[in-house]
Amino acid sequence: MRTLFDPAELEPRRFYQLLTASVVPRPIAWVSTLSADGVGNLAPYSFFTVASSAPPIVQFTSVGRKDSLRNIEATGEFVINLATATLADVVNKSSAFYDAEADEFLELNIRSEPSERVRPVRVADSPIAIECTLHQVIEVGNSFVVMGNVVAVAVRPEAVADDGLPDFAAIAPMSRLGRAQWGLPPEVVEKDRPTTPHRP
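Note that the structure is predicted; figures quoted are calculated from it, not measured.

To continue, consider the pattern of salt bridges. All chains considered together, the criterion is met by 7 salt bridges. Here Glu131 and Arg122 are joined by a salt bridge, their closest N and O atoms 2.8 Å apart. Judged on exposure class, the residue Glu131 and its partner Arg122 are both buried. We note a salt bridge from Glu158 to Arg156, for which the minimum N-O separation is 2.6 Å. Here Arg156 falls in the partly exposed class, since its relative accessible area comes to 28%. The network of salt bridges with shared partners includes Glu113, Arg122 and Glu131.

Within the UniProt annotation, "domain: Flavin reductase like" (unreviewed entry) is assigned to residues 21-169. A helix fraction of 15% and a strand fraction of 43% characterise residues 21-169, whose end C-alpha atoms lie 25 Å from each other.

Within the secondary structure layout, Pro44 lies in strand S3 (residues 40-45). The spacing of Pro44 and Trp30 is 14 residues in sequence and 4.2 Å in space, taken between C-alpha atoms. The contact partners of Pro44, leaving out residues within four places of it in the chain, are Ile28, Ala29, Trp30, Val91, Ser94 and Ser95.

One simple way to see leftover space: roll a probe sized like a water molecule over the atoms. A volume near 1,100 Å³ is recorded for the largest pocket. Together, 39 residues line the largest pocket, and Arg13, Tyr16, Lys66, Ser95 and Arg176 are the ones closest to its centre. For the lining of the largest pocket, the secondary-structure elements that each account for two or more residues are helix H1 (12-22), S3, strand S5 (56-63), helix H2 (67-75) and helix H3 (88-93). Ranked by residue count, the leading element in the lining of the largest pocket is H1, at 8 residues. Grouping the amino acids of the lining of the largest pocket by side-chain chemistry returns 19 nonpolar, 11 polar and 9 charged. Taken as a whole, the second largest pocket holds about 430 Å³ of empty space. Lining the second largest pocket we find 21 residues, and of these Leu19, Phe47, Thr61, Val63 and Ser143 sit closest to its centre. Residue assignment for the lining of the second largest pocket shows that the elements contributing at least two residues are H1, strand S1 (26-27), strand S4 (48-53), S5 and strand S10 (143-155). Here the lining of the second largest pocket gets 5 residues from one element, more than from any other, and that element is H1.

Parameters at a glance
Residues numbered from 1 in each chain as written. Predicted model: local features only at pLDDT ≥ 70, side-chain atom pairs only at ≥ 80, totals over all residues. Heavy atoms only, no water. Salt bridge = Lys/Arg side-chain N within 4 Å of Asp/Glu carboxyl O. Buried < 20%, exposed > 50% of the residue type's maximum accessible area, 1.4 Å probe, protein only. UniProt positions renumbered as here; feature names shortened; annotations may be inferred. Helix = DSSP H or I, 4+ residues; strand = E, 2+ residues; numbered from the N terminus. Contact = heavy atoms within 4.5 Å. 1 Å grid on protein atoms, 1.4 Å probe; cavity = no way out; pocket = protein on both sides within 12 Å on 5 of 7 lines; lining within 4 Å. Points joined across faces, edges and corners; volume = space filled by probe spheres on them. Nonpolar A, V, L, I, M, F, W, Y, C, P; charged D, E, K, R; others polar.

This is the structure:
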């Protein structure tokens with residue numbers, strides 16, 4: 001018999017732990033922003049996905065009103081840098097609660113490079129950076145869904161496969177699991193999508 005968890009019977013923090021241990025693995029948006037005063041910020045978010053392909057829109061969720069969200073609302077721009085296995089330690093360190101006046105790029109000695117279409121810088125060692133302008137912020141419960149219009153995707157040359165698309169093995173993305181667990185890049189299998197329904 002399954003164990004049933006009722007959100008009405010659990011503390012919100014405990015139900016958060018249940019959800020994040022259940023919805024796994026979750027890719028990590030390492031979000032770089034600038035404050036209205038020009039102070040850089042870099043923080044990871046594991047509630048991250050594609051919202052629309054045409055027009056291209058990506059989204060991440062801020063649980064609570066954090067510096068990244070405030071900066072995006074003030075400037076209308078951000079960059080999602082892909083978190084990878086080689087960057088896992090510094091990505092984790094950047095999740096600490098730094099003061100709003102602190103620039104995580106400087107605090108953690110993270111290499112940056114200029115973006116092409118937006119003012120926030122990219123993480124130089126991240127293989128993929130998605131440059132965005134703000135599309136919409138939707139408040140949902142205790143969280144804020146941040147949707148960004150994708151204005152450019154910058155991919156490092158060593159991460160591009162022969163077909164011109166990002167190579168999974170080369171980008172080696174990390175993911176978040178439950179508790180303090182992180183996911184390493186998983187084994188990859190290929191399965192063609194069926195063109196007709198299967199009927200046994």
